[in-house]
Amino acid sequence: MPRPALEVADIFRDHGAAWRRANAGHVSLDQLKVMSAIERCRTVALGGHVARCEDCANTVIAYNSCRNRHCPKCQAAAATDWLAEREAELLPVGYFHLVFTLPGPIADIAYHNKAAIYGLLFTAAAEATLTIAADPKRLGAKIGITAVLHSWGSAMTHHPHVHMIVPGGGISLDGTRWISCRPGFFLPVRVLSRLFRRLFLGKLRDAHQAGRLTFFGDRVALTEPRAFAAFLAPLRKTEWVVYAKKPFAGPHAVLAYLSRYTHRVAISNRRLISADQTGVTFTWKDYRIEGPGRYKTMTLPTGEFIRRFLMHVLPKGLHRIRHYGLFANGNRAANIARARELLAVPFCSKQPETPEAAAADQPRVLPRPCRCCGGRMIIIETFARGCQPKHHPASATAAIGIDTS
């Protein structure tokens with residue numbers, strides 16, 4: 001795939017230093033680290049390798065990636081690896097897609113309480129779904145959930161919500177059979193919405209009482225318990241958005257969807273159109289409009305574009321992909337094996353790498369073939385961070401950004 005004409009890294013390299021000076025004291029250490037990682041990604045600053053085609057002798061420089069989870073480039077490769085691990089866990093059933101969204105007033109206080117409130121969003125949404133699914137009046141089964149946090153809308157505004165991918169059925173509460181949901185219908189969204197609202201607000205109240213929330217500016221009065229209770233009161237009466245999309249066409253359609261959603265960042269490089277000192281232009285999707293007219297372009301001042309991108313940097317240690325129920329990490333393998341047994345399908349597992357494949361005397365090869373002839377690209381040199389390689393390609397443009405470390 002050719003390199004996009006414009007990347008977030010280009011914007012950071014050209015305008016990041018000036019933006020950091022203008023916003024000194026208002027940028028977190030985590031945000032500064034993300035900017036630095038993206039600016040250095042797949043450049044000589046991180047070192048790399050030189051590879052030569054074993055057939056046509058075409059030579060390229062492959063710079064290492066930063067592997068930061070907020071980097072638009074690196075997340076594509078990370079998604080590929082993650083999906084390869086998930087493929088063996090797919091069940092031969094229909095899958096459903098649920099979306100749990102926080103209302104605007106909660107999103108406002110989440111901006112300064114990301115670790116606490118994003119965590120509550122995950123747990124309340126998962127608990128509501130598992131509880132309703134286990135209800136004998138509904139599905140009466142133990143289900144599995146893969147949940148993915150997104151904190152942005154298409155215009156990079158703050159819009160926290162969780163995407164949930166769920167198989168259309170589960171293991172009966174006594175563990176003896178697989179229970180399938182009704183065709184095209186998983187769980188009633190209004191019931192989910194109201195339980196989600198009740199659970200979230202209860203957990204949010206507890207977090208406030210435990211002193212886990214902080215408030216700034218015009219929200220500082222919410223530190224006082226009575227003011228916070230008054231703030232929550234109208235939210236108990238409004239309808240919270242829980243959206244159930246159409247079921248996927250099949251398990252492999254789930255993989256295609258996950259490849260676009262699991263490791264997504266606030267904006268991908270392919271959405272960027274242009275950037276200069278005055279602004280950054282990019283495409284966005286207006287979800288209020290149906291049809292082709294929903295795809296639009298937007299231009300933001302460069303500083304505002306950088307600010308919006310960085311507002312979605314997650315706190316250190318906060319996992320944006322989580323698994324619940326049958327897919328919870330502790331018992332996932334055993335639960336999936338049991339589900340496949342009840343569904344009368346064989347359990348698939350990744351075959352371990354053979355000793356021959358892992359032999360130390362095998363040449364190291366780039367993951368992509370030669371662009372000229374399709375031959376293997378053999379690594380002939382490794383160079384350290386900040387160092388220049390000894391071997392150089394014939395063309396000055398023959399440098400690619402592949403992480404081979």
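Keep in mind the model is a prediction, meaning the values are calculated, not measured.

Looking at the confidence of the model for the protein chain
Right, so step 1: Mean pLDDT over the protein chain works out to 88, with 91% of the residues at or above the 70 mark.
Right, so step 2: Per-element confidence in the protein chain is highest for helix H5 (residues 114-134), whose mean pLDDT is 97, and lowest for strand E15 (residues 399-400), whose mean pLDDT is 56.
Right, so step 3: Counting contacts from residues 351-359, a segment whose pLDDT is below 50, to residues more than four positions away or on other chains yields two contacts.

Digging into the environment of Leu-102
Right, so step 1: With respect to the element layout, Leu-102 can be found in the loop between strand E3 (95-101) and helix H4 (104-110).
Right, so step 2: Sequence-wise, Leu-102 and Ala-125 are 23 residues apart; in three dimensions their C-alpha atoms are separated by 10 Å.
Right, so step 3: In contact with Leu-102, not counting residues within four places along its chain, are Ile-117, Leu-121, Pro-160, Phe-196, Phe-200 and Trp-240.

Some remarks on the nonpolar core
Right, so step 1: Core analysis: the biggest nonpolar cluster contains 52 residues, and Ile-106, Phe-196, Phe-200 and Leu-204 have the highest contact counts within it.
Right, so step 2: Mapped onto this core, the elements with two or more residues apiece are E3, H4, H5, strand E5 (144-152), strand E6 (158-167), helix H6 (189-209) and helix H7 (225-232).
Right, so step 3: Here the element with the most residues in this core is H5; it accounts for twelve residues.
Right, so step 4: If sequence neighbours within four positions are ignored, Ile-106 has contacts with Ile-117, Phe-200, Leu-204, Phe-231, Leu-232, Leu-235 and Trp-240.
Right, so step 5: Counting 32 residues, the second-largest nonpolar core is a separate cluster that includes Cys-71, Met-156, Trp-284 and Leu-300.

Here's the deal with the pattern of salt bridges
Right, so step 1: Tallied over the entire structure, the rule returns 15 salt bridges.
Right, so step 2: For the salt bridge of Lys-296 with Asp-286, the shortest nitrogen-to-oxygen distance reads 3.0 Å. With Lys-296 in strand E12 (residues 295-300) and Asp-286 in the loop between strand E11 (280-285) and E12, the pair connects residues that are ten residues apart, well separated along the chain.
Right, so step 3: Bridged by salt links that share partners, the residues Asp-286, Arg-288 and Lys-296 form one connected network.

Regarding the packing of aromatic side chains
Right, so step 1: If you walk through the whole model with that rule in mind, you get ten aromatic pairs.
Right, so step 2: Their ring planes at 55° and their centres at 6.0 Å tell us that Phe-282 and Phe-305 sit as a pair that is tilted. Residue Phe-282 is located in strand E11, and its partner Phe-305 is located in helix H9 (residues 302-310); the two are separated by 23 residues in the primary sequence. With respect to class, Phe-282 is no different from Phe-305; both count as buried.
Right, so step 3: Across the ring face of Tyr-111, the terminal group of Lys-114 is positioned such that the distance to the ring centre comes to 5.3 Å.
Right, so step 4: Taking the ring centre of Phe-185 as reference, the NZ or CZ of Arg-182 above it sits at 4.4 Å.

Comments concerning the sheet that holds E11
Right, so step 1: Strand order in this open sheet of three strands is E10-E11-E12, and the pairing throughout is antiparallel. The sheet is open, and its two borders are formed by strand E10 (272-275) and E12, each paired with just one other strand. The average undirected angle you get between the axes of adjacent strands in this sheet is 25°.
Right, so step 2: As defined by bridge partners, E10 adjoins E11 across three bridges and the pair is classed as antiparallel.

Some points on H7
Right, so step 1: Buried residues of H7: Phe-228, Phe-231 and Leu-232, and no others. For H7, the angular spread of buried residues about the axis comes to 95°, placing them on one side. The outward face of H7, more than 90 degrees from its buried face, is lined by the exposed residues Arg-226 and Ala-230.
Right, so step 2: Where the residues of H7 are buried, they touch H4 and H6.
Right, so step 3: N-capping of H7 is provided by Glu-224, with a side-chain oxygen placed 3.0 Å from the backbone N of Arg-226.

Overview of the sheet that holds strand E13 (residues 321-325)
Pairing between sheet strands relies on hydrogen bonds along the backbone, with the strands arranged either parallel or antiparallel.
Right, so step 1: Taken in spatial order, the five strands of this open sheet run E9-E3-E6-E5-E13, and their pairing is antiparallel. What marks the edges here is a single partner per strand, and that holds for strand E9 (242-244) and E13. Averaged over all neighbouring strand pairs, the angle between strand axes comes to 25°, with direction disregarded.
Right, so step 2: For E3 and E9, the ladder comprises three bridges, and the chain directions are antiparallel. Considered in E9, the bridge of Phe-100 is made with Val-242.

Side note on the pairing of strand E7 (residues 169-172)
Right, so step 1: With two bridges connecting them, strand E4 (residues 141-142) and E7 associate as antiparallel partners. Bridging from a neighbouring strand, Ala-141 pairs with Ser-172 of E7.
Right, so step 2: Taking the residues between adjacent antiparallel strands as the criterion, E7 and strand E8 (residues 178-180) are bridged by five residues, where Gly-175 takes a positive phi near 75°.

Structural notes on the packing of helix H2 (residues 29-40) against H9
Right, so step 1: The interhelical angle for the contact between H2 and H9, taken along N-to-C directions, is 110°, at an axis separation of 10 Å. Between H2 and H9, the angle falls in the class roughly perpendicular. On H9, the residues touching Gln-31, Val-34, Met-35 and Ile-38 of H2 are Ile-306, Phe-309 and Leu-310.
Right, so step 2: Its residues assigned to classes, the contact of H2 with H9 shows six nonpolar, one polar and no charged.

Brief notes about the packing of H6 against H7
Between two packed helices, the angle of one axis relative to the other and the distance separating the axes together describe the packing.
Right, so step 1: At a minimum axis distance of 11 Å, the contact between H6 and H7 shows a crossing angle of 165°. On the basis of their axis angle, the class for H6 and H7 is roughly antiparallel. Like other packed secondary-structure pairs, H6 and H7 cross with a definite hand, here right-handed. Here H6 contributes Leu-201, Leu-204, Arg-205 and His-208 to the contact with H7, which in turn contributes Pro-225, Phe-228 and Leu-232.
Right, so step 2: For the contact of H6 with H7, a count of residues per class yields five nonpolar, one polar and one charged.

Calculation notes
Residues numbered from 1 in each chain as written. Predicted model: local features only at pLDDT ≥ 70, side-chain atom pairs only at ≥ 80, totals over all residues. Heavy atoms only, no water. pLDDT = per-residue confidence, 0-100. Helix = DSSP H or I, 4+ residues; strand = E, 2+ residues; numbered from the N terminus. Contact = heavy atoms within 4.5 Å. Core = buried A, V, L, I, M, F, W, Y, C linked by side-chain atoms within 4.5 Å. Buried < 20%, exposed > 50% of the residue type's maximum accessible area, 1.4 Å probe, protein only. Salt bridge = Lys/Arg side-chain N within 4 Å of Asp/Glu carboxyl O. Phe/Tyr/Trp six-rings, centres within 6.5 Å; stacked < 30°, edge-to-face > 60°. Lys NZ or Arg CZ within 6 Å of the ring centre and 35° of its normal. Pairing = 2+ DSSP bridges. Axes fitted to C-alpha atoms, helices over the stretch in contact; angles between N-to-C directions. Arc of directions from axis to C-beta. Polar contact = N/O pair within 3.5 Å; in protein donor to acceptor, adjacent residues only side chain to side chain. Parallel < 35°, antiparallel > 145°, perpendicular 65-115°, else oblique. Nonpolar A, V, L, I, M, F, W, Y, C, P; charged D, E, K, R; others polar. Left-handed = near helix turned anticlockwise from the far one by under 90°.

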